[in-house]
Amino acid sequence: MVLGGQVFYGGADRVPGHPNREERDMTTIVCGVDGSAGSRRALAWALGEARLRGASVRAVTSWSVPVIVAGAGMAPVVLPDEEFETGARTALDHAVDEVSAELAKDGGAVPAVERVLVRGAAANALLDAAKDADLLVVGTRGHGGFTGLLLGSVSQQCTHHAPCPVVVVPTH
């Protein structure tokens, strides 16, 4: 279902404001943040929606240690976990700070943002964080390698398995 240029997946009764939906206050919006332009756009949308609804935002970034395969006679280079975690934390903080500052320029209040850093797969982290959320917001695609796809794998998994309505914010 398309509502206001955004795509909501699931039945019409899951769309905020739909006449068949049991109305309740929105308190928590979860947003996936990976530092990409698409995730920053999704975060801006989530913060704007949270401002309108008096909700808070839970910005979620996941990280993992990549698998390194070495060829015969080559020793793999292993970096400490802390370097990957620090990089993810930096990306999350930078994205939240930048997007919040942009939103604050109009003089309105910036919603509270809980920053959550999770070790593991991005889709699993978002689905877990959305268990008690009213809305999950993701960009169409992040830093993945298949740029020709309409939806990235994380966005696709979220739209199919989320426990709440999902908004997929287009890149353009």
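The preceding data block contains the structure.
Not measured: the values here are computed from a predicted model.

Chemist: How do you make sense of the side chain of D134 when you look at a structure like this?
Modeler: Inspection of the secondary structure puts D134 in the loop between α3 (122–129) and β6 (135–139). Take D134: its relative accessible area is 4%, and that puts it in the buried class. A distance of 2.7 Å separates a polar side-chain atom of D134 from the backbone nitrogen of T27.

Chemist: Looking at this structure, how should I read helix α1 (residues 37–53)?
Modeler: Residues that lie three or four places apart on an α-helix share one face, since the helix turns once every 3.6 residues. With 17 residues, α1 ought to run about 24 Å at 1.5 Å a step, and its terminal C-alpha atoms sit 24 Å apart, in line with that. Of all the positions in α1, only G38, S39, R40, A42, L43, A46, L47, E49 and A50 are classed as buried. One or two positions beyond α1, positive phi appears at G54, with a value near 70°.

Chemist: Teacher, can you tell me more about the side chain of S155 here?
Modeler: Structurally, S155 is set in helix α4 (residues 153–161). At a separation of 3.3 Å, a polar atom in the side chain of S155 contacts the main-chain carbonyl oxygen of T140.

Rules used throughout
Residues numbered from 1 in each chain as written. Predicted model: local features only at pLDDT ≥ 70, side-chain atom pairs only at ≥ 80, totals over all residues. Heavy atoms only, no water. Helix = DSSP H or I, 4+ residues; strand = E, 2+ residues; numbered from the N terminus. Buried < 20%, exposed > 50% of the residue type's maximum accessible area, 1.4 Å probe, protein only. Polar contact = N/O pair within 3.5 Å; in protein donor to acceptor, adjacent residues only side chain to side chain. Expected span 1.5 Å × (residues − 1).

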